[in-house]
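Chains, contacts and geometry: an overview
Below are the chains, spelled out letter by letter.
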Amino acid sequence: MKAVVAHTYGPPEVLRIEEVARPVPGETEVLVKVLASTVTRSDCGHRGASPFFSRFWTGLRRPKQPIVGMELAGVVEEVGSKVTEFAVGDEVFGLRSGANAEYILVREAGALAHKPSSLTFEEAAALPDGASIARACLATADLGPEKRIVVYGATGAIGTAGVQLAKASGAHVTAVSNTKNVELVRSLGADVVVDWEREDFTRNGEVYDAIFDAVGKHSFRRSRRSLKPGGVYISTDLGVGWHVPLLILATRFVGSKRVLLPIPNYTKEDVLHVKELVEAGHYRPVIDRTYPLRDVIEATRYVETGQKTGNVVLTVGSSNGTAS
């Protein structure tokens with residue numbers, strides 16, 4: 001089978017499409033024929049070993065998992081002897097390391113669910129990563145109808161997910177967006193949209209229960225005066241500097257406002273939750289661009305510009321067996 005691999009850390013040019021052995025499912029595993037995948041900001045960080053200390057988890061000298069990608073949508077090709085939840089031919093989506101490939105193994109108990117019937121494979125592939133990260137982050141804010149939250153960077157994969165998940169919780173959502181995406185973010189359910197190119201939300205006199213930095217480009221120092229006593233500043237990006245873990249530690253003991261950096265677990269519950277929201281009409285994926293698998297380097301370069309809106313999708317194959 002074809003797969004996108006990175007045998008070393010480095011820029012997008014280290015990526016190669018290679019022929020690798022097609023995996024065989026174990027008794028509790030599902031073999032998925034991947035029809036769509038994505039390139040995410042996290043994928044780029046892992047490939048580039050950024051931050052550097054991430055190598056302690058991904059491999060010190062070279063990646064432990066050479067096949068890149070995390071998000072997938074496709075059709076079940078084979079199932080293990082003890083699998084009961086899925087059958088051959090089922091349309092599925094989920095999360096598993098090594099997803100930029102024609103086939104992938106996922107544990108039945110892993111982050112895999114039946115695809116919402118209303119979505120294409122490309123749309124389904126764009127669902128789980130941003131939603132899982134945003135869900136883990138927002139869980140720390142204890143949102144509800146009386147809570148007010150800012151989603152800073154509301155146009156990326158995590159930000160568009162954060163706006164929709166926060167709104168689904170009943171919270172009042174202020175989304176911070178660039179000029180070109182103001183209407184998009186409003187259509188996702190934001191109560192207030194602030195164009196950061198024209199206005200600084202920290203100077204509007206409002207205070208919030210939570211500020212969710214979905215792009216790692218804001219800071220607790222800049223926004224702390226906009227937090228209510230007991231409020232939380234939630235970061236998504238450890239790579240912006242060592243000050244984040246230091247602030248997490250310091251704010252546990254000083255003052256009432258806290259800095260948090262939740263780590264997602266990527267569970268079946270995550271993908272089932274976003275599926276339920278889609279089917280209830282409370283969530284939709286946002287796709288910026290779609291590339292064929294062979295253009296993965298170009299797709300990755302675009303993600304690394306930091307200018308994408310929502311998700312960047314890779315078409316991997318088709319149901320008739322041809323690859324992109």
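What counts, and at which threshold
- Residues numbered from 1 in each chain as written.
- Predicted model: local features only at pLDDT ≥ 70, side-chain atom pairs only at ≥ 80, totals over all residues.
- Heavy atoms only, no water.
- Pairing = 2+ DSSP bridges.
- Helix = DSSP H or I, 4+ residues; strand = E, 2+ residues; numbered from the N terminus.
- Axes fitted to C-alpha atoms, helices over the stretch in contact; angles between N-to-C directions.
- Buried < 20%, exposed > 50% of the residue type's maximum accessible area, 1.4 Å probe, protein only.
- Parallel < 35°, antiparallel > 145°, perpendicular 65-115°, else oblique.
- Contact = heavy atoms within 4.5 Å.
- Nonpolar A, V, L, I, M, F, W, Y, C, P; charged D, E, K, R; others polar.
- Salt bridge = Lys/Arg side-chain N within 4 Å of Asp/Glu carboxyl O.
- Patch = residues over 30% accessible without salt bridge, like charges linked within 9 Å, V, L, I, M, F, W, Y side chains within 5 Å.
- Areas by Shrake-Rupley, 256 points an atom, 1.4 Å probe, with all protein chains shown as cover.
- Lys, Arg positive; Asp, Glu negative; His and termini not counted.
- Charge placed at Lys NZ, Arg CZ, Asp CG, Glu CD.
- Phe/Tyr/Trp six-rings, centres within 6.5 Å; stacked < 30°, edge-to-face > 60°.
- Lys NZ or Arg CZ within 6 Å of the ring centre and 35° of its normal.

Regarding the sheet that holds strand β10 (residues 192–195)
The sheet built from 6 strands is open, its strands ordered β10-β9-β8-β11-β12-β13 with parallel pairing. For this open sheet the edge positions go to β10 and β13 (258–260), each flanked by a neighbour on one side alone. Between one strand axis and the next, the sheet turns through 20 degrees on average, direction left out of account. Sheet analysis places strand β12 (residues 227–235) next to β13, joined by 3 bridges and oriented parallel. Within β13, the position partnered with I234 by the bridge is L260.

Quick look at unusual backbone geometry
We note that D142 has phi near 50 degrees; this positive angle belongs to a residue other than glycine. On the secondary structure map, D142 appears in the loop between α4 (128–139) and β8 (148–152). For Y266, which is not glycine, the phi dihedral falls at a positive 55 degrees. Within the secondary structure, Y266 sits in the loop between β13 and α9 (268–279). Residue classification places Y266 among the partly exposed positions, given a relative accessible area of 24%.

Quick look at the packing of α4 against α9
Contact pair α4 / α9: the axes reach a minimum separation of 9 Å and the direction vectors enclose 105 degrees. Taken together, the axis directions place α4 and α9 in an arrangement best described as roughly perpendicular. Between α4, through P128, A131, S132 and R135, and α9, the contact on the second element is made entirely by E269, D270, V271, H273 and V274. A per-class count over the contact of α4 with α9 returns 4 nonpolar, 2 polar and 3 charged.

Considering the pattern of salt bridges
Tallied over the entire structure, the rule returns 18 salt bridges. Ionic pairing is found between R198 and D195, a salt bridge with its closest N-O pair at 3.5 Å. For R198, a relative accessible area of 70% translates into the label exposed. By relative accessible area, which is 10% here, D195 ends up buried. The closest approach of N and O atoms between D288 and R289, which form a salt bridge, is 3.8 Å. With a relative accessible area of 26%, D288 lands in the partly exposed category. Each of R22, E77 and E78 takes part in one network of salt bridges that share partners.

Examining a positive patch on the surface
Together, R221, R222, R224 and R225 line one region of the surface with positive charge. With respect to the helices, strands and loops of the structure, R221 is situated in helix α7 (residues 220–223). A relative accessible area of 60% means that R221 is categorised as exposed.

Things to note about the packing of aromatic side chains
Summed over the entire model, instances satisfying the criterion amount to 3 aromatic pairs. Taking the centre distance of 6.1 Å and the plane angle of 45 degrees together, the rings of Y152 and F201 count as tilted. With Y152 in strand β8 and F201 in the loop between β10 and β11 (208–213), this pair connects stretches of sequence that are 49 residues apart. Accessibility classification places Y152 together with F201 in one group, the buried group. Ring centres of F201 and Y208 lie 6.4 Å apart, and the angle between their planes is 65 degrees; on these two criteria the pair is classed as edge-to-face. Comparing F201 with Y208 shows no difference in burial state: the two are buried. Here the aromatic residues Y152, F201 and Y208 are joined through ring pairs into a cluster of three or more. Directly above the aromatic system of Y103 lies the positively charged group of R22, at a separation of 4.3 Å from the ring centroid.

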